[in-house]
Amino acid sequence: MKPDSTLSMSPEVADAVATHAPVVALESTLLSHGLPPGRNLKVARRLERTVRDAGAVPATIAVLDGVARVGLTDAELERVCAPDSALDKLSLRDVGPAVARGSSGATTVASTAALANSCGIAVFATGGLGGVHHPLPGADTTWDVSADLGALARIPITVVCSGMKSILDIGATLEVLETQSVPVLGYRTDDFPAFYLRSSGHRVPHRVDDPAEAAAVVSAHRAFATSGVLLANPVPAEHELDRAVHDRLLAEGLELIRDRGVSGADVTPTLLEHFHTASGGASLDANEALVLSNAELAARIASELAR
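A quick note: this is a predicted structure, and the numbers were derived from the prediction, not measured.

Draft legend 1. Representation of the environment of A282 within the structure. You can see A282 is positioned in helix 12 (residues 282-305). Sequence separation between A282 and T226 is 56 residues, and the spatial gap between their C-alpha atoms is 38 Å.

Draft legend 2. A look at the packing of aromatic side chains. This structure, assessed with the given rule, holds two aromatic pairs. Both rings, one in Y196 and one in F275, keep their centres 5.2 Å apart while their planes meet at 20 degrees; by these two values the pair is stacked. Highlighted residues: Y196 in the loop between strand 10 (191-194) and strand 11 (197-203) and F275 in helix 11 (residues 267-278), separated in sequence by 79 residues. On the accessibility criterion, Y196 (3% relative accessible area) is buried. F275 sits in the buried class, given a relative accessible area of 3%.

Draft legend 3. Geometry of the pairing of strand 13 (residues 229-232). A two-sided burial pattern is seen for strand 13, the buried positions comprising V229 and L231 on one face and L230 and A232 on the other. The sheet contact formed by strand 8 (residues 158-161) and strand 13 spans four bridges and is parallel. For V159, the partnering residue across the bridge sits in strand 13 and is L230.

Draft legend 4. Broad picture of the pattern of salt bridges. Evaluated as defined, the whole model comprises 16 salt bridges. The salt bridge involving R46 is made with E288; its shortest N-O contact spans 2.7 Å. Within this pair, whereas R46 is found in helix 3 (residues 39-53), its partner E288 is found in helix 12, the two being separated by 242 residues in sequence. The class for E288 is buried, based on a relative accessible area of 12%. Shared partners join several salt bridges into a network, and the residues in it are R39, R46, D285 and E288.

Definitions and cut-offs
Residues numbered from 1 in each chain as written. Predicted model: local features only at pLDDT ≥ 70, side-chain atom pairs only at ≥ 80, totals over all residues. Heavy atoms only, no water. Helix = DSSP H or I, 4+ residues; strand = E, 2+ residues; numbered from the N terminus. Phe/Tyr/Trp six-rings, centres within 6.5 Å; stacked < 30°, edge-to-face > 60°. Buried < 20%, exposed > 50% of the residue type's maximum accessible area, 1.4 Å probe, protein only. Pairing = 2+ DSSP bridges. Salt bridge = Lys/Arg side-chain N within 4 Å of Asp/Glu carboxyl O.

Below, the structure written as structure tokens:
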């Protein structure tokens, strides 16, 4: 743990790190921005319980009152999930200003990965990864590339997710990961998943079929490189969205964005809200199922790495 007061591990997480016990980092943006109030707190508690049941210590991360907290109390989880929390969404570039100003915010994949790594946590479970966005209507190119990709290029952490949302340019995202020397593994699949869908139509470069094999790849990679590892775990089959329904919702959401002139960081939240409301909650069920599955798998991999 760092000697200053800007980064704080809970006693449980600090003890686990010190004794080299398995720990799994969990982000807070999913809770404060990705799920509706009420359901978010239930999912937060289920995520932590899932990690514990699979043999690891959960470390949910957020910045609260200027302190980056790695491992939250139940009261802090309630605060993150409160309807009136008004937490900022903090990518890695935003953490320094938030800490310096004593403000609060929920961490994204990039900032969670960085804070977890700074505490010695090597495995992180989330829902979906950010990526390269498609150009906006009327444009031929885009500069909208998620900071998640740059974080994976620099931070030696294993991220377990269900690919990325189909609103992104998945092919371009995989090319960026290749350029940054980030291994992309498919868990019991040869197809890269697209969050609500088990297949994006893109192949994964490498496949692993159990936590021990995944841990062996991670360990071998760490001997040669400092980049992270991406393990893509498809949404459980019984919770996958019907592809026709998914494609209709996506087309409607993109039209909504064009009509409203939505751009930048507001694109993804707007599309997700449309999916949640127009699907009658089916996308929320899928979101919850996949992140719980990822948390369990991450805990099993962390346990293998801790052997």
